[in-house]
Amino acid sequence: KVSGLNAADSTGVIGVGRKQRLVRGTSCEVYSDGTSIRPDAATGEYPSGKASLEVIRLDDDSATARIIRERKGNPIVRGDVIANALYDPKKVYTFLVYGLFDANKDGRASLLEASDISALVTEWGGKVVDELSGNVDFVVLGQRPTLPPEPPATAPAEVVQEFIRLKRQSVKYDELLSQARATSIPVLNENRLYTLTGQR
């Protein structure tokens, strides 16, 4: 429901937020009451609401949404009902996280900090997996692991092993990006993930 309005900046407050897995950019239709959200008997289509909102800011249990459409003579009022056919607070999104991340903002991205990003996803209510499959909703990619020049044949074994390790990481990164694009799975960077989960 609409729990508050601010006419000065054409925004409203709604009663769901980050804890209910609402995401920024979600659009909602506004109705005077829930009984008006019924499909047309002839066409099966739902009526458009008296207004439309788009979520622009998230708090734990509420969100601020800008009014993007409103019918003249029938303004949004406190207590109006909002609806979005795709939003489901019980839906658990599945993420695959890979790449170099700077989660602690020390200026050095590392593969180890992917675990911090995974923890953020889990805290938000998502599920993190290690393999790309048809069940993955989002792929979160950090920076691509940097591959140094191939060491000469005379290089110490440790240097060769490190090169092989980094090469595997780079190849896996490229494969994940290619597979995600080929299967139209959304690819997020660190900033987009923060936006999706309402952390920024």
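Definitions and cut-offs
Sequence order sets the numbering: in each chain, residues are counted from 1 along the sequence as written. Given that the model is predicted, a residue must reach a pLDDT of at least 70 before its local features are reported, and side-chain atom pairs must reach 80 or more before they are shown or counted; all residues, however, enter totals for whole chains, interfaces and linings. With hydrogens and water excluded, all non-hydrogen atoms of the structure serve as input to the side-chain values. Helix numbers and strand numbers start at the N terminus; a helix is a DSSP run of H or I with at least 4 residues, a strand a run of E with at least 2. Atoms counted for the radius of gyration: C-alpha only. Globule rule: 2.2 Å times the number of residues to the power 0.38. In this scheme, a residue with accessible area under 20% of its type's maximum is buried, one over 50% is exposed, and one in between is partly exposed, where area comes from a 1.4 Å probe on protein chains only. When DSSP finds two or more bridges between two strands, those strands count as paired. In what follows, a contact means two residues having at least one pair of non-hydrogen atoms within 4.5 Å. Axes, fitted as lines to C-alpha atoms, cover a helix only where it is in contact. Angles between the N-to-C directions of the axes lie from 0 to 180 degrees. Here is the rule: rings of Phe, Tyr and Trp (six-membered ring for Trp) pair when centre to centre is within 6.5 Å. Planes less than 30 degrees apart are stacked, more than 60 are edge-to-face, and the remainder are tilted.

Student: What is the right way to look at the overall build of the chain in this model?
Tutor: Helix and strand counts for the chain stand at 3 helices and 10 strands. Going from N to C terminus, the chain has its helices and strands arranged as β-β-β-β-β-β-β-α-β-β-α-β-α. Computed over C-alpha atoms, the radius of gyration of the chain comes to 23 Å, more than 25% over the 16 Å expected from 2.2 N^0.38 for 200 residues, which places it beyond the range of a compact globule. For the chain, the C-alpha atoms occupy an extent of roughly 80 × 40 × 25 Å along the three principal directions. Looking at the chain as a whole, 36% of its 200 residues are labelled buried.

Student: How should the sheet that holds strand β9 (residues 138-141) be read in this particular structure?
Tutor: Where strands meet in a sheet, backbone hydrogen bonds hold them as pairs that are either parallel or antiparallel. Overall, parallel pairing links the 4 strands, which are arranged β8-β7-β9-β10 in an open sheet. Strands at the two margins of the open sheet, each flanked by one partner only, are β8 (127-129) and β10 (187-188). Packing of helix α1 (residues 114-124) onto the sheet brings it into contact with β7 (94-98), β8 and β9, and relative to β7 it is tilted by some 165 degrees. Contacts from helix α2 (residues 157-182) reach β7, β9 and β10 within the one sheet, and its direction differs from that of β7 by about 145 degrees.

Student: Whenever I open this one, the packing of aromatic side chains confuses me. Can you help?
Tutor: The geometry of two aromatic rings is summed up by the distance between their centres and the angle between their planes. One pass over the structure, following the stated rule, counts 2 aromatic pairs. Measuring from ring centre to ring centre gives 5.2 Å for Phe-95 and Phe-138, while their planes differ by 25 degrees; the resulting arrangement is stacked. Of this pair, Phe-95 sits in strand β7 while Phe-138 sits in strand β9, placing them 43 residues apart in sequence. Grouped by ring-pair contacts, the aromatic residues Tyr-93, Phe-95 and Phe-138 constitute a single cluster.

Student: Mind showing me how you'd approach the sheet that holds strand β2 (residues 11-14) here?
Tutor: On the basis of which strands lie adjacent, the open sheet formed by 6 strands has the order β1-β2-β5-β4-β3-β6 and antiparallel pairing. For this open sheet the edge positions go to β1 (2-6) and β6 (81-83), each flanked by a neighbour on one side alone. For this sheet, the mean inter-axis angle between neighbouring strands, taken without regard to orientation, is 35 degrees. With 7 bridges connecting them, strand β4 (residues 51-58) and strand β5 (residues 63-70) associate as antiparallel partners. Looking at β5, one finds that Ser-52 is bridged to Arg-69.

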